[in-house]
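Chain by chain, the residues run as shown.
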Amino acid sequence: MNRRYLPGPGILISVGAVVAAVLLGIVLIALIGVSIGDALDAFVDGTIGSAYAIAASVNRSVVFALVGIGFVFANRANLTNVGGEGQIALGGIAATAVALYGHVAELPLGLSFALPMLAAVAAGALWGGLAGILKTRAGTNEVISTLLLSFIAVWLLYWCVQSNALLRQPMTNSATLPESLEIPDLTKLPLVTADPSLPLNIGLPLTLLIAVIVAMFLTRGTVGLRLRAIGLNPLAARRAGIATERYAVAAMLMAGGLGGLAGALMLQGDQYVLKDGFSSGYGFDGLVVGLLARGSVTGVIASALLFGFLRSGGISMELQAGVPSAVVRIIQGIIVVALAGAVYWIDRRGTSR
Amino acid sequence: MPDSLLTLTGVTKRFGALTALNAVSLDIAPGEIHCLLGENGAGKSTLCNVIFGIHPPDEGVMSLNGVPYRPAGPADALRLGIAMVHQHFSLVPDLTVVDNLLLGQARGILDRRACAVRVEELSAEYGLALAPFARIQDLSVGERQRVEIVKCLMRNPRLLVLDEPTAVLLPPEIAALIDVCRRVAARGCGVMLVTHKLAEIKSAATRATVLRGGKTVAVSSNPAEEIGVLVRAMIQRELGPLGHAAEAALGLSDPTPAEARAAERPHDIVAQIDGLSFLDSQGVKRLDNVTIEIGRGEIVGIAGVEGNGQSELSAILSGMLRPTGGLFSVQNTDLTGRGPHDVTAAGVGIVPEDRHAVGCVTAMSVAENMFLGRLRAFSRFGLLRRAAFHRAAADLMQRFDVRASGPGAAFSSLSGGNQQKAVLARELTLSNLAFLVAAQPTRGLDVGAVEAVYGHIREACRRGVGVLLISSELDELLAVADRIVVFYRGRIVGSCPASPAYRERIGVMMSGQPA
Amino acid sequence: MISAESAAVFIGSSIRLATPLLMGGIGELVSERAGVLNMSVEGMMLTGAFAGAVGSWATGQPILGLAFGLLAVLPVALLQAWLSNTLRANQIVSGIGINILVLGATTLGYREIFGERSSDEIPGFGKWAPPFLGDIPVFGQAVFLQVWIVYLGLAIAIGTALVLRFTAIGLAVHAAGMEPRAVDKSGLSVRGIRYGAVTFTGLMSALGGTFLSIGDIHTFTEGMTRGAGYLAIAAVIFGNWRIGRTIGACLLFGAATALQFQLPAMGVDIPNALLIMLPYLLAFLAVAGLVGRQSAPASLTVPW
């Protein structure tokens, strides 16, 4: 049959939700009184208008993709990681601390930027793994614990950049901002090309590599099969000899670690300075990207690109055409709500066959 | 014959390709106890659900007191005086009896005291002892069933439907339940008693209807006398004669040992259960100092009413539950408190009591279910070698006669019997199988599948595997096991050879009295 | 030593800061007890705060603002109920989606409606102290002089406790979260109960939201709830799904927030971030099982 080569109802509904939400966004822009032409021009400028814009959008997408891949991975074991925001924050804190005070700047072989990244992965993994351990030991719902851990992490970061004893830059005068010093140049991520007008850093190839590996193990690997069994029926998986608790913790470690890596990429590839509001909703957007993907890593890449470009375009529309960035929020909200509700029709179709 | 209370004419209900009910006609009169008989899967529960308004019939009509009856849901049925005690209780565990009774009945401010008085009245009237302010979670299964019955009686029903009410009860509790049914019927209410056990009909039924494959195959207005006819109608099959164990399980024939079984075998012990105890999180002793030795090629049956520690025992033996005391070893390997992985590695096969909860992942394929614990054998660099994997599964499916569209078929698409055969295939092909724990292995299976399951278990026995068979069907144990150990409240009350001669004694032991 | 005056101010501001949490928390408690983990409390509060501010600003009547806030939350609550009951959507996902949507919509609406006038004060409720209590020296004014919504909130909290304990509705709500099948078999509608519970959460959250905008500070700012909705959920968890303990948790969280203002004034140097984090940390410790055994409703997040 040809059926399997056609896009499934899930993909069609995802695409439909996105298209409808974007159309609604355009209507909103018109209602606000901004000329659609201006808004679209600004959107194009900010997304694909220049090499720089493309690179900036892609770098955003990379962050979303990492959080999304982590979400999909943990979700295979029926674990819902909504803690991306906190994992990014922790990753940012760890990467900053190591880059500034870990004496890594002079290390050879790329260790100068790799060690802060590894520290970020470890910190994010700790934050995610904590939720995993609580889930297996105390039966704590991971949605609630990761959410609470996110709030804690965001305020931890705030504390770090407010306190002189932690990561705040030395106070030289009363106008010194509550943020860290800029990390040394050698700890910043190297660019893929030598062309500074296309600032794509090594985060992109790294993320693509991770995506390919995770996709392979989820679809064809024994790990993917075991995670799926745990997700579908943890008791039966345990009876079959699978160390379900270890896998659950590992899945959350993985999700958290990827969140931490995302934080490192944001810090070392883009912001270079840690300040309040560092994670700025990237974790929640990454969660939405993971949801949109409906369990597929390819889907994560596609929706991460969508969200990366949408966010860049939104910023550009705000600056150039005066369209409030809230419009992009609304579009995102509608997409999430529509997809959450659409599961009903997708599942119904799935069972009636 | 008195006027009909509820009449069903030509009721048909289909689920997809399956015709669960095929032109069933039936009538129930006030004051009678009408037994609905049939094997598992004969359509009894579907019929109940149609009557109770859960499923609308696809064809046919129902009438209640001569008025067309077309319930849109259970609420309609209840309003019109039809009450039902379901197989699965629907009680809120952390609420009291009174609060459960008031749920859905009371409006506004709860009058718990008046309800308690009413409970006591009903208790006295029908002989249903109940403490009104006890919490459901502290009650026994039999008491919970009484709560369900009182819940129905409080509505003053005209028709009371009881779906398989005796499956969970002790013999004396069954007698008490039948007595309640009689008292209810004596007050002019119609009672429909659904069962697949025959002893109950003899003592209770005024009429009986037999369902098989969704059709009415026999009706009797004198069931006590015509029991043989009813039974044959119930189990008659197109294919071959019945196996002995299956006949015994249905009470059709007296279970006599299939082959000469030596009372005492040379005891070459494969599995040793020594003083096993288990305290649950509430501090209740679920298993108390249980000691059993299982020899090579021996089948030891565990008898007892469900909920007397059997589930805990099989959970501990399969490594899913850590005992609070005692030892368990197989072929001199200590397995006490070891996880499922180690238990399997030591050569213990497990057929879990609840197939869907523990035995398989229904949303995964047959092949995946068969080899979930043995994926390493089919992987290279952590990636699965699909072709080899499916070949091996197809081979097992053929050897164990698992009928499915292929190794990639979803496990949920298999019939109950084929699912159980697949589980057996997995457990019996452990390379070093020495000991098999089979808990309720034939529950919910049709007669053919029951025979196949016992065939495979006996075959394993001949290879020297020791078997612990846990079943709530005494007749089944008498037909299959070599020796029977009786459980009551987590303790071993006694043991005896598996011979029909001991049936009475085992029955006594099941109610807790050492014989 | 802490002076009586500063203790009184502290208690008063704890109660004031706990009020929006209390209302959201009571609402959330009812919906969680009925089996719906309603993550959109945040969005519902924000809706109430925004619509209350708009209504009050447009009419000049805070009471009409309140009514407007309660009315405006209904579509949000019904959307949440529809998604999580009828469409059987993932309750967490739908809640987060609604929060994003509401944050975007209120921010946009605020810019469009208020625009340059954004610094204007919006007419809000005055304060009131109950007779006698208000006359107590030192404490009277500092503790009991509150916007009347505070007292309304307390009254509703007590009323909810009584309804849950003593009425058929309370029984049905509890059963819907614990054993929905029993509710269904008893002829009641599980979905109906859950729709009602979510709507109640919406109304309570909106009340808490209007208290924030036109009760407490008399203005609206973008995303002004700042996670209060999530804190309300944390309070329910911390309170182990019991109403008394949930109210206690709200007061505790309110006190922790009040400390942020109190401690620096008293010269105590505790990092501000730590105090803001404290409620989340406490709730986290609670769900981690460090504060007694948790007993969530058995069917929480399971659609019927």
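The model shown is predicted, which means the values in this text are computed figures rather than measured ones.

Participant: What exactly am I supposed to notice about the overall build of chain C here?
Facilitator: Across its full length, chain C holds 12 helices and 2 strands. Beginning at the N terminus, the succession of helices and strands in chain C can be written as α-α-α-α-β-α-β-α-α-α-α-α-α-α. For 304 residues, the compact-globule formula gives about 19 Å, and the C-alpha radius of gyration of chain C, at 19 Å, lands near that figure. The principal-axis extents of the C-alpha atoms in chain C amount to approximately 60 × 45 × 40 Å. For chain C, the residues scored as buried account for 58% of the 304 residues in total. Summarising the internal contacts of chain C: among those between residues at least 6 apart in sequence, 77% fall at separations of at least 24.

Participant: Looking at this structure, how should I read the side chain of Gln260(C)?
Facilitator: Residues and elements named next belong to chain C. In this fold, Gln-260 is placed in helix H11 (residues 243-265). The buried category is assigned to Gln-260, whose relative accessible area is 15%. For Gln-260, the contacting residues outside a window of four places in its chain are Asn-272, Leu-275 and Ile-276.

Participant: Would you explain the nonpolar core in this entry?
Facilitator: Among the nonpolar cores identified, the biggest contains 309 residues, and Met370(B), Ile457(B), Ile484(B), Ile506(B), Met39(C) and Phe220(C) are the most heavily contacted of them. Of the residues forming this core, the biggest block, 13 residues, is contributed by helix H3 (residues 51-76) of chain A. What Phe220(C) contacts, discounting residues up to four positions off in sequence, is Leu46(C), Ala49(C), Phe50(C), Ala53(C), Thr106(C), Tyr110(C) and Ile122(C). Ala271(B), Val343(B), Ala346(B) and Ile350(B) belong to the second largest nonpolar core, which has 29 residues in total.

Participant: Sorry if this is basic, but what is going on with the sheet that holds strand S5 (residues 67-68) of chain B here?
Facilitator: Sheet strands associate in pairs through backbone hydrogen bonding, adopting either a parallel or an antiparallel arrangement. Residue and element names in this part refer to chain B. Taken in spatial order, the 4 strands make up an open sheet running S2-S1-S4-S5, and their pairing is antiparallel. The sheet is open, and its two borders are formed by strand S2 (18-28) and S5, each paired with just one other strand. Pairing geometry for strand S1 (residues 6-15) and strand S4 (residues 59-64), over 5 bridges, is antiparallel. Residue pairing for S4: Leu-6 is matched across the bridge by Leu-64.

Participant: How do you make sense of the pattern of salt bridges when you look at a structure like this?
Facilitator: Under the defined criterion, the tally for this structure stands at 29 salt bridges over all chains. With a shortest N-O distance of 3.5 Å, Glu121(B) and Arg118(B) are connected by a salt bridge. Of this pair, Glu121(B) and Arg118(B) are both found in helix H4 (residues 112-126), 3 residues apart, which corresponds to roughly one turn of the helix. Looking at Arg118(B), the relative accessible area reads 26%, which means it is partly exposed. Linked through salt bridges whose partners overlap, the residues forming this network are Glu182(A), Asp185(A) and Lys188(A).

Participant: Where do I start with the sheet that holds strand S8 (residues 190-195) of chain B in this structure?
Facilitator: Residue and element names in this part refer to chain B. Here 6 strands make up an open sheet; going across it, the order is S6-S7-S8-S3-S9-S10 and the pairing mixed. This sheet does not close on itself; its edge strands, each paired only once, are strand S6 (82-85) and strand S10 (215-220). Looking at each pair of strands side by side, their axes are set apart by 20° on average, direction ignored. Note that S6 and strand S7 (residues 159-163) share 4 bridges and pair parallel. Bridging across to S7, Ile-82 finds its partner in Leu-159. Each of strand S3 (33-37), S6, S7, S8 and strand S9 (207-212) touches helix H1 (residues 44-51); the most contacted strand, S8, lies at about 150° to it.

Parameters and conventions
Residues numbered from 1 in each chain as written. Chains lettered and ligands numbered in written order. Predicted model: local features only at pLDDT ≥ 70, side-chain atom pairs only at ≥ 80, totals over all residues. Heavy atoms only, no water. Helix = DSSP H or I, 4+ residues; strand = E, 2+ residues; numbered from the N terminus. Rg over C-alpha atoms; globule rule 2.2 N^0.38 Å. Buried < 20%, exposed > 50% of the residue type's maximum accessible area, 1.4 Å probe, protein only. Contact = heavy atoms within 4.5 Å. Core = buried A, V, L, I, M, F, W, Y, C linked by side-chain atoms within 4.5 Å. Pairing = 2+ DSSP bridges. Salt bridge = Lys/Arg side-chain N within 4 Å of Asp/Glu carboxyl O. Axes fitted to C-alpha atoms, helices over the stretch in contact; angles between N-to-C directions.

Scope: geometric values only; no functional claims are made or implied.
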